[in-house]
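Fold and contact review
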Amino acid sequence: MLKIALTGADGLVGSRIVELLKNDFEFIPIPQTKMDITNVEQIQNVLKEVEFDIFFHLAAFTNVPGAETNKELCFKINVEGTRNVFDFVSGKNKKFIYVSTDFVFDGTSPPYNEDSLPNPIGVYASSKYEGEKIVNPLRQLADGGQAMIVRIAYPYRTSFELKKDFFRTFKFYLENSKPLLMIADSLMTPTFIDDIANGLKYLFNNYKPEIYHLVGSQSISPYEAALKVAETFNLDKSLIEKTTYEEYIKGKAKLPQFATIKSNKNNFWKMKTFVEGLEEIKKQL
């Protein structure tokens, strides 16, 4: 059984991956309380005791608005932290997987696939792209190393107490009769986390040092996404109002406007549309 050491195992995405794949792989979670990825000495002390086949690096500073006012901390975690862990793992000649984001694209000329050129427009996005450059699969391959990048987009799941994703935020507002002001002239690509886990099952077992997109098969506007949540769970659609991208981002962190993300490489797991994901969640609830 493959041994997979991972950071971020207690987060929104990581905890579901471990839950769904725990019978297929031996997961070795490395929690932040045990290993601060910005501390090189701590990394060496902890990881020298751990035997693993693949290191799955999911931990990150993910607060997009917060990154704008905490640039130093964001870059320390997402860039320096990634470099520290990657240096140790590549020094042991072990496989490394870096989880990145659709935010590395600027959202001006979609669709974006694995070969599209990133052009980040915010602090968080820039930090994740700098992390990508550190583990660059093509460069590592040339240098004899092994690294994979997996980009995900707008992950959501049925339940998770510690953090609300966009879907459960929409649902919470509507269930509590709170109005939602949603962008109608932009696109997002919602990704059901169970699909991410199943896609990763294939990638863990069929490792190649390349870039992969594990993203939902439908891109929709946030406004349309909120309507789908209301329709699926019989909630009040009249609470959902439209706004424009330009209005919404005034005074806020910039977001990619047309984040239509595709995959040219995922022929191994069929990713759900947002509606299919919501139907699956209804069954799980």
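The structure under discussion appears in the preceding block.
What you see is a predicted model, and the numbers here were worked out from it, not measured in a lab.

1. Side note on the packing of helix α9 (residues 222–232) against helix α11 (residues 274–284)
Here α9 crosses α11 at 35°, and the two axes come no closer than 10 Å. For the pair α9 and α11, the sense of crossing is right-handed. Contacts between α9 and α11 pair Ala225, Lys228, Val229 and Thr232 from the former with Phe274, Val275, Leu278, Glu279 and Lys282 from the latter. Of the residues contributing to the contact of α9 with α11, the split by class is five nonpolar, one polar and three charged.

2. Topic: helix α8 (residues 193–205)
Across its 13 residues, α8 extends 19 Å between first and last C-alpha, which sits within 8% of the 18 Å expected from 1.5 Å per residue. Every buried residue of α8 is accounted for by Ile193, Asp194, Asp195, Ile196, Ala197, Gly199, Leu200, Leu203 and Phe204.

3. What about the nonpolar core?
Among the nonpolar cores identified, the biggest contains 30 residues, and Phe27, Phe56, Leu200, Phe204 and Leu214 are the most heavily contacted of them. Taken together, the elements giving at least two residues each to this core come down to β1 (3–7), α1 (14–21), β3 (54–57), β4 (95–101), β5 (147–152) and α8. Here Phe27 is in contact with Ile4, Leu6, Ile17, Val18, Leu21, Lys22 and Phe204, once residues within four sequence places are set aside.

4. Details of α11
Think of an α-helix as turning once every 3.6 residues; residues three or four places apart then point the same way. Three or more residues of α11 are buried, namely Phe274, Gly277, Leu278 and Ile281. Along the long axis of α11, the arc covered by the buried residues comes to 100°, so they all point the same way. Looking at the buried side of α11, the elements it contacts are β6 (155–156), α7 (166–175), β8 (191–192) and α9.

5. Comments concerning the side chain of Lys128
One can find Lys128 in helix α5 (residues 123–135). Buried and unpaired, Lys128 has Glu132 as its nearest opposite-charge partner, separated by 7.7 Å. For Lys128, the residues in contact, after removing those within four places along its chain, are Ala60, Asn78, Tyr98, Val99, Ser100, Thr101 and Val104.

6. Digging into the side chain of Thr191
Secondary-structure assignment places Thr191 in strand β8. When its relative accessible area of 0% is taken as the criterion, Thr191 is described as buried. At 3.0 Å, the side chain of Thr191 forms a polar contact with the backbone nitrogen of Gly216. Beyond its immediate stretch of four places on either side in the chain, Thr191 contacts Ala153, Tyr154, Pro155, Tyr156, Ile196, Leu214, Val215, Gly216 and Met271.

7. A short note on the sheet that holds strand β9 (residues 211–213)
Ordered in space as β2-β1-β3-β4-β5-β9, the six strands form an open sheet in which the pairing is parallel. Pairing within the sheet leaves two strands with one partner each, and these edge strands are β2 (26–29) and β9. Shown here is a sheet whose adjacent strand axes are inclined to one another by a mean of 25°, direction ignored. The pairing of β3 with β4 spans four bridges and is classified as parallel. Counterpart to Ile54 in the pairing with β4 is Lys95. Lying on the sheet, helix α4 (residues 71–91) is in contact with β3, β4 and β5; it crosses β4 at an angle near 165°. Of the strands in this sheet, β1, β2, β3, β4, β5 and β9 are in contact with α8, which crosses β5 at around 165°.

Conventions and cut-offs
Sequence positions are assigned chain by chain, starting from 1 and proceeding in written order. Only residues with pLDDT of at least 70 are given local features in this predicted model, and only at 80 or more are side-chain atom pairs given and counted; all residues enter the totals for whole chains, interfaces and linings. The basis for the side-chain values is all heavy atoms of the structure; hydrogens and waters are excluded. Lines fitted to C-alpha atoms define the axes, with helix axes restricted to the stretch in contact, and inter-axis angles between N-to-C directions lie between 0 and 180 degrees. Only DSSP runs of H or I reaching four residues or more are called helices, and only runs of E reaching two or more are called strands; each is numbered from the N terminus. Each helix crossing is assigned a hand: it is left-handed if the near helix lies turned anticlockwise from the far helix by less than a right angle, otherwise right-handed if that turn is clockwise. Whether two residues are in contact is decided by their heavy atoms, any of which lying within 4.5 Å being enough. When residues are grouped by polarity, Ala, Val, Leu, Ile, Met, Phe, Trp, Tyr, Cys and Pro land in nonpolar, Asp, Glu, Lys and Arg in charged, and all others, Gly among them, in polar. Here the expected span of a helix is defined as 1.5 Å times the quantity of residues minus one. Think of it in three bands: residues with accessible area under 20% of the maximum for their type are buried, residues over 50% are exposed, and the middle band is partly exposed, with areas taken using a 1.4 Å probe on protein chains only. Take the buried Ala, Val, Leu, Ile, Met, Phe, Trp, Tyr and Cys residues and link them wherever side-chain atoms come within 4.5 Å; each set so joined is a nonpolar core. The arc in question is formed by the directions pointing from the helix axis toward the C-beta atoms. Asp and Glu are treated as the negative residues and Lys and Arg as the positive ones, with His and the ends of the chain left uncounted. Any carboxyl oxygen of Asp or Glu that lies within 4 Å of a side-chain nitrogen of Lys or Arg is treated as forming a salt bridge with it. Counted as a polar contact is a pair of N or O atoms within 3.5 Å, where, for protein atoms, one must be capable of donating a hydrogen and the other of accepting one, and residues adjacent in sequence contribute only when both atoms are in side chains. Note on pairing: two strands pair once DSSP finds at least 2 bridges between them.

Everything listed here is a matter of coordinates, which is why it stays silent on function.
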